[in-house]
Amino acid sequence: MEEYNSGDEVLFNADEASVSVKECIEGVIGGTDYNQNKVNQWTASIVEHSLTHLVKQGRSFKYIVNCTIMQKSGAGLHTANSCYWDTATDGSCTVRWENRTMYCVVSVFAVAVA
Amino acid sequence: MDEYQEEETAFAVEEVSKIIKESVESAIGGNAYQHSRVHQWTTTVVEQCLSQLSKLGKPFKYIVTCVIMQKNGAGLQTSSACFWDNTTDGSCAVRWENKSMYCIVSVYGLAI
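Just so you know, these numbers come straight off a predicted model, no measurement behind them.

Asker: Describe the overall build of chain B, naming the residues involved and giving the relevant values.
Answerer: The secondary structure content of chain B amounts to three helices and four strands. Its helices and strands taken in sequence order, chain B reads α-α-α-β-β-β-β from the N to the C terminus. Each principal axis of the C-alpha atoms in chain B carries an extent, and together these give about 55 × 25 × 20 Å. Within chain B, the fraction of its 112 residues that count as buried is 43%. If you sum the accessible surface of chain B, you get close to 6,200 Å²; carbon and sulfur atoms cover 47% of it. In chain B, 9 positive and 13 negative side-chain charges are present, and the distance between their average locations comes to 15 Å.

Asker: How would you explain the interface of chain A and chain B if you had to name every residue and give the values?
Answerer: The partner chain B presents 38 residues to the 38 residues of chain A that form the contact. When the buried area of chain A at its contact with chain B is split by residue, A:Lys62, A:His78 and A:Tyr84 rank highest and sum to 23% of it. Between chain A and chain B we count two salt bridges in total. Among the ionic pairs, A:Lys62 bridges to B:Asp89, the shortest N-O distance being 2.8 Å. At the boundary of chain A with chain B, the tally comes to 15 residue pairs in polar contact (both at pLDDT 80 or more). Listing elements by their share of the side of chain A that touches chain B, those giving two or more residues are helix H2 (39–56), strand S1 (61–71), strand S2 (77–84) and strand S4 (102–112) of chain A. The dominant element in the side of chain A that touches chain B, judged by the number of residues it contributes, is S1(A), at 11 residues.

Asker: Could you give an account of the layout of surface pockets, with specific residues and numbers?
Answerer: Taken as a whole, the largest pocket spans an internal volume of roughly 800 Å³. Forming the walls of the largest pocket are 37 residues, and the residues nearest its centre are A:Thr68, A:Leu77, A:Thr79, B:Val67 and B:Leu76. Those elements that provide at least two residues to the lining of the largest pocket are S1, S2, strand S3 (91–98) and S4 of chain A together with strand S1 (60–70), strand S2 (76–83), strand S3 (90–97) and strand S4 (101–111) of chain B. Of the volumes computed, that of the second largest pocket is approximately 170 Å³. Lining the second largest pocket are A:Lys62, A:Asp86, A:Thr89, A:Val111, A:Ala112, A:Val113, A:Ala114, B:Lys61, B:Leu110, B:Ala111 and B:Ile112. Of all the elements in the fold, those that place two or more residues in the lining of the second largest pocket are S4 of chain A together with S4 of chain B.

Asker: Could you give an account of the pattern of salt bridges, naming the residues involved and the relevant values?
Answerer: Residues and elements named next belong to chain B. Counted by the stated rule, this structure contains seven salt bridges over all chains. Linking Lys 58 and Glu 15 is a salt bridge whose minimum nitrogen-to-oxygen distance equals 3.5 Å. Of this pair, Lys 58 sits in the loop between helix H3 (38–55) and S1 while Glu 15 sits in helix H2 (residues 13–28); the two residues are 43 residues apart in sequence, bridging distant segments of the chain. Among the residues examined, Glu 15 registers a relative accessible area of 34% and is labelled partly exposed. For Glu 97, the salt bridge is made with Lys 71, and the minimal N-O distance between the two is 2.6 Å.

So, how was this worked out
- Residues numbered from 1 in each chain as written.
- Chains lettered and ligands numbered in written order.
- Predicted model: local features only at pLDDT ≥ 70, side-chain atom pairs only at ≥ 80, totals over all residues.
- Heavy atoms only, no water.
- Helix = DSSP H or I, 4+ residues; strand = E, 2+ residues; numbered from the N terminus.
- Buried < 20%, exposed > 50% of the residue type's maximum accessible area, 1.4 Å probe, protein only.
- Areas by Shrake-Rupley, 256 points an atom, 1.4 Å probe, with all protein chains shown as cover.
- Lys, Arg positive; Asp, Glu negative; His and termini not counted.
- Charge placed at Lys NZ, Arg CZ, Asp CG, Glu CD.
- Contact = heavy atoms within 4.5 Å.
- Buried area = accessible area lost by both parts, 1.4 Å probe.
- Salt bridge = Lys/Arg side-chain N within 4 Å of Asp/Glu carboxyl O.
- Polar contact = N/O pair within 3.5 Å; in protein donor to acceptor, adjacent residues only side chain to side chain.
- 1 Å grid on protein atoms, 1.4 Å probe; cavity = no way out; pocket = protein on both sides within 12 Å on 5 of 7 lines; lining within 4 Å.
- Points joined across faces, edges and corners; volume = space filled by probe spheres on them.

The following block contains the structure:
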């Protein structure tokens, strides 16, 4: 009887998180060009806003939000991540965004709290 | 009496940092940036780190991320924010470089 709780509340919803993160990115750097002086402010804003949105959902998760911004200059960039967790309840989502002058990659990891 | 175990279950930043450095050195130490191999390298670095971390046998879930960037004058900035339990969870980031590339590895440990 107690297990009737719908699975959605306990599973990480990657699609919802992805939409929320895209909005945060657009809100902070949409329409701007790469600017070395502002980039650390931008990454900090993006991670803070994304984290705030996620926490507001009120689910019982711990979150890690990671944001990388790279200037477009022909250099190669490669990222990888690997997780040791409970695959039934934990999850992640990665959003890639770009404009004319920069790439932005945001990863969200959600780990269920017991 | 039970609290004596806290030292064993807190996130051990120095130990993790050592594990990361060794994994990076063994995977890419002495290599020059090569577009065709970098995918293999990032995968090797994260897998080696993760397997060494799980061998520690501590009650943690781990997330390991690795970024490799060619040295070309481009700017790169990364930030992360975490919503967790400050008393038990932790993270560690290691920056490594050689003549042709940068490698940044972050490990996040969340207590179970």
